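Chain residues, written in single-letter form:
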Amino acid sequence: MYLFKYVLKRIGLMLMSFIVIFTMCFVLIKLLPNMPAESFGKDMELIKQRRELLGYDKPIMQQYWIYFFGRTAYEYEGVDEETGKPETKVVYEKKKLPEDILESETYTTRNVGGVIRGYFGTSEVLYLGQDVWDVFAQKVPYTVAINVYTMVFAVPLGLALGMIAATNKNKWPDHLISVGVIVFVSVPSFIYAFLIKYIFYIKLDIFPPFVDAINGAFSWEFLKSAVMPIASMAFGTIAGFARYTRAELTEVLTSEFMLLARTKGLSKGQATLRHALRNAMVPIFPMILGEFVGVMSGSLIIEQMFTIPGVGALYISSVQAQPTPDYNFFLLLTGFYTLIGLSAGIISDISYGIIDPRIRMGAR
Amino acid sequence: MKKTQKSLALVLTLALVLSALFTLVACQTTCDKEGHKFEKGICSVCGEACAHPDGYDELGRCKVCGTFKPVADLVDGDYWVRDEKKYSYRMAPSDLPTSWNLHTYQSASSTYILDYTSDSLYGFDYNEAGDAYVIVPEMAEDYPVDVSADYVGKYGIAEGEENKAYSITLKQGLRFDNGDPITAETFVESMKLLLAPEAANYRADNVYKSGNLKIYGSENYVKQGSYALLNPIVSEDYLDEEYIDPANFTAGPDGTLQYEGKDLALDLNSGGSWSSNSLLDYGDAGYYGAGYDYAEDGYIQYVDATGAVRVVRKVGEDGAPTKEYFLPDRTTVVYRGSQYDFYYDEACTKLIEGCEALSAKWQYGVAQPLFDAADEKGWVKLNAELMTVLQETIAALHGVTLEQYAAACEAAGKKVNGINYAYVECQEMAYFAKEMDAYSWDDVGFFAPSEYELVVVLKNAMEDNFYLRYELCTNFFLVHPETYKSCIDMSSGLYTNNYGTSIDTFVGYGPYKLTTYLADSKIELTRNEYWRGYYEIEKQGQYQTTHVVYNKVNDEATRLAMFLKGELESYGLTDADMADYINSDYLYYNNSESTWFLAMNPDFKTLEANQKTATPVTPDNTVVKTILDIKEFRQALSYSLDREAFNLELSPTSGVAKALLSEMFIADPESGSFYRTTDEAKDAILNFWGLADQWGEGKKYEDRDAAIDSITGFDPEGAKVLFQAAYDKAVERGDITAEMISSGKWELQICIGKPADASYYNKGYEFLAKCWTDAVKGTDFEGHLSFIQSQVLGSTSFGTYLREGFVDILFGVGYSGSMFDPFSFMDVFTGSLQYDPFTDKTQHTLDIEIDGKVLRASLYDWTSVCLQGDEIECPVIGADGEPTGQKVKISAGVDAPAKRRLLILSSVETAIMELANIFPIQTDATASLRCMRVQYKTEEYILGLGRGGITYYTYAMDDEAWAKYVQEQGGELDYK
């Protein structure tokens, strides 16, 4: 019950934080200069006409309302100009209703669009004419896939190396692993990417220079061609987990309860796996969770270097887009990543209680 | 039971076999006898290709069902693409298209798909000799025919008018890549979709604003329902009956003044009947409307509306006005910068406070309420209060208050229809405005009288010459209407259209068909078997490429590695690569029409304002910026720039630019001759660089070309002299004070604008800062130059920041386009796109000798009016440099004598360079390596055709043989 109340409270706070962050972002992005520069032979009136249709000329708070709750559609019975048959016509501004309809008030209204109806807007710059959610949904699998593959490969390896180092503390395997960890934690992943690409594509020509994404993110072709980016991203993760696991496990292995476990008759391996590792996982498991939550954000540089059509560059591109920022992408991604970030905090906190029942979230 | 099951199974099996047989037989019967059952060349039942026995017509279409013969069944003669091998044209750009909707695309990368999947009515091809271009019919059967006479009384065509309506007959058998037919009606339907008012498509203005071909009624159609400015209340003829008594204005529901149902409005960006002189322009340039006269002592006296002398101007010994301005006492110098900036001097502020009030970007000025009321477009709906503000503003432009101006007009008897002119003059600047009426599609000059005839009615007549045919090298934004409409979505209350964003949402009609697409990853195109070109005997031998493949690759190193491994057909060399491949046999240079400039802010007012708020690079220093206003200083900056070294550092493929227009501009499109090869254009360069009298027999240079070749634009010693002269002037006029000199704590700070992340601009900034710091050594500026960079600018519109005075200098800026029409192109240097809006080109005059008479007109009039084909009236200038009183009307449009056009163009070019606000620095050229297996049509780059493009590329080996060859070479090729 404590946990339930705690979760509810956290979700309430999360929503409040979300609204504040999103509103700030909405206002700030709308304050950026957003009028294309005049260019040779362009009719600026036409550009402004389109901007008016998009509602960019309206006050920011009115745009905010439209973004969430949509527009009003005015429907009336009219006649198809070509066929002469009666048909239901729709306009989206009251003043555009025919005078007779307006006077007789023989029209109906309904709201259309808006986030509450699942419409996050259409891209006006980066992916012109496309629903931003569709584009995002199309790209996310590639980012998720490349990160998941990396995690699946890197986390067990990192844990295993950490365990080896911890159980061989101050022996040569520990020294070897520790040196490797320092190197790989210190150097950013794109440096490995350059090296890996140089060796395995330019020199040895074993792997292609970019991933084959045509058959989808979870295809064999993708996995096969993504060895280089996976390896590039994995080094840092492996090193990170190895370091944490070693540190935590080393501490736990020297605890008194480990001595008790051994005196109970458990072998060193049994004691380490059943008792030490489980205790060591208390701080490590949230890290793993955090890594998985973070897979959505992608890796900007790795994605660009290996032409992975993921979401890595989308957020920055939406702000830097020319001639104007791509508002709808920015807002969708702001909302998405804000939710992910806030959710990650809650999930991470709750996970402590699951791994170690002694930790009671929300209890006094 | 078992027996029953067996029987049932037998019956079922038999039924299955029979139905299969029946299907086969039925299909075969249908194919052979039923006719018209085929769709797109394929039997809808069994998937077999058309098997009608009646043969194919000359276009390779079945005589029965009209579908094209599939490639597999073709024999020699009816489809010339015979080679079954695979020839891939592979590229690896850093950006792939995300949208290629012809009606809306905005990114250059969209052409990676559109260029291959589109066709055009007419196109460029080689002449018979293969050394120049000709325009030939492509989708059109023949050249356009003038049918204006058939439409007299319609579409604004008057009796006797010619060259306004053209009929274009389409080839028969045109198809989309899904087999659907293309007729004239398809073009019309596409045009209607382009111009849909609810869409406001980005490319819609291509048919009424961009280019010379403007379709009648298209603008009215696309703008129907929107609020639009109509015409100035008073036309440029300034007829008395056009002025309206303000008493007759009525107030609309929102208070906007109206006349005969139309609103009254002002456009801050346009001067209405005052041509380009908008309130914005006046705000920066100042204005004396009352005119000038000559005093007895020879000074020119500038007077305000009341007749009071405000400023006088000295006249030189030769009788020509100098640029020295004084207060009426003849001693107090008030000249600052350009001749129209003098009112900024503090000494005369009080005298001409009206103009002062309009200065400083309108802050605190009388016009401020107009600016506050303006909408996003700069339009102001005039209510009674704002109308009064406008009247006061115009009075202020005359240097007086409205009351003073009205009194002066009253005294001078300046009345129109009995109304004091002071109250109605504003109508010359204001517009009528209204919500645009509904406009019928029937009134748009684009229609299809028959299945294969397309008629285009032009807003402005165009003769059937190169320019018309050049404009007709278009597909008129042809789309597949059915697919296009299915992509329109209004469910959110907003018009959206995702046509051309995936394979499913796009249907092409060019030589290639999009077969693979993944955004930000890969595109692949293969031959479109329905394309008419593959059935035309004239195109035999073209289009050997079977596949076009683009893979997105972000880094240059990978791209180069791919090229060396034989995985790309071409590679664009970077600056770093040039040293390695400079001697390669496969190296090609590609020039473009652009020239890159060094553009400077010469505006005292904005420099002074920036100077006040600038933070010194060295603490405690006093920042000086106004010296950039001194012409000699700007010239010195230009001459001290070693352009060759600059190019070597930043863009080794570029050459030294010596004039505004590059060598790629065509002066005579009929013959293809280049502008820069004409004597007039050469003289423009020689005049500007001071070598006009140094060529010819017995002189330093043998001919013009030798003299031009000697120009490097780099004269460090001359620059030092100019720097020192600028310093002396700056001291004389007080920019650098004695106190500053004695303390030594001052810096001339130059803010260079550049995009945040661009290697070219980063290196360029470093180069310029070092170059100019070294250049002033030995002058009094030594140690006093400082540089800062503004990196907050966007990448595509940073020119605006110079125009608005936020930065002092831009480099690497320029224009592109209009290669075939430098005369129109010149407008960018005097019109709204100029980097130097500070200099009022309507006031700078230029004398040109035409037909034995020296004519005087403003730079603006010569360029933006006369060269564009409109008439200007010029005073004839006598030998004494003064107007003789005689006036000549002249225009220099397309129909004018070529020599006249060239003379005006070249004279204007020199005059603009001499203003010393924009200096040519670099030509725009790139270099690329050609893959060993590919051959170009021509080694020379031919305008409009390049080296043949995909049409003419030929391959020495197919993909398989090529891969094998590369392996035999060790997996990496040597291009050095």
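Note: the structure precedes this text.
Residues numbered from 1 in each chain as written. Chains lettered and ligands numbered in written order. Predicted model: local features only at pLDDT ≥ 70, side-chain atom pairs only at ≥ 80, totals over all residues. Heavy atoms only, no water.

Caption draft 1: Examining the packing of helix H16 (residues 631-639) of chain B against helix H20 (residues 716-732) of chain B more closely. Residues and elements named next belong to chain B. Two elements in contact, H16 and H20, have axes separated by 8 Å at closest approach and are oriented at 160°. When the axes of H16 and H20 are compared, the pair comes out roughly antiparallel. The hand of the H16/H20 crossing is left-handed. The residues of H20 that touch H16, namely those facing Glu632, Phe633, Gln635, Ala636, Leu637 and Tyr639, are Pro716, Ala719, Leu722, Phe723, Ala725, Ala726 and Lys729. Tallied by class, residues from the contact of H16 with H20 come to 10 nonpolar, one polar and two charged. (Axes fitted to C-alpha atoms, helices over the stretch in contact; angles between N-to-C directions. Helix = DSSP H or I, 4+ residues; strand = E, 2+ residues; numbered from the N terminus. Parallel < 35°, antiparallel > 145°, perpendicular 65-115°, else oblique. Left-handed = near helix turned anticlockwise from the far one by under 90°. Contact = heavy atoms within 4.5 Å. Nonpolar A, V, L, I, M, F, W, Y, C, P; charged D, E, K, R; others polar.)

Caption draft 2: Spotlight on the sheet that holds strand S38 (residues 883-890) of chain B. All names here are of chain B. Taking strand neighbours across the sheet as the criterion, the four strands line up as S35-S36-S37-S38 in an open arrangement whose pairing is antiparallel. Single-partner strands in this sheet number two, and they are strand S35 (845-850) and S38. Direction aside, the axes of adjacent strands within the sheet are offset by 35° on average. Here S35 pairs with strand S36 (residues 853-858) via six bridges, running antiparallel. Along S36, the bridge assignment pairs Asp847 with Arg856. Its contacts with the sheet put helix H25 (residues 859-866) on S35, S36, strand S37 (872-877) and S38, and the angle it makes with S36 is roughly 90°. (Pairing = 2+ DSSP bridges.)

Caption draft 3: The pattern of salt bridges, seen in detail. All told, the structure shown has 43 salt bridges over all chains when counted by the stated rule. Notably, a salt bridge pairs Arg50(A) with Glu124(A), separated by 2.9 Å at the nearest N-O pair. A residue pair is termed long-range when its members are at least 10 positions apart, and Arg50(A) in helix H2 (residues 44-54) and Glu124(A) in the loop between strand S3 (107-112) and helix H5 (132-167) qualify at 74 residues. The two residues Arg50(A) and Glu124(A) agree in class, both being buried. Measuring nitrogen to oxygen at the nearest pair gives 2.8 Å for the salt bridge that ties Arg532(B) to Asp119(B). Taken together, the residues Arg532(B) in the loop between strand S25 (522-527) and strand S26 (547-551) and Asp119(B) in the loop between helix H2 (111-117) and strand S4 (122-126) connect sequence positions 413 residues apart. A single burial state applies to Arg532(B) and to Asp119(B), both of which are buried. In the salt-bridge network here, residues are joined through shared partners; they are Asp119(B), Glu138(B), Lys171(B), Arg532(B), Glu536(B) and Lys539(B). (Salt bridge = Lys/Arg side-chain N within 4 Å of Asp/Glu carboxyl O. Buried < 20%, exposed > 50% of the residue type's maximum accessible area, 1.4 Å probe, protein only.)

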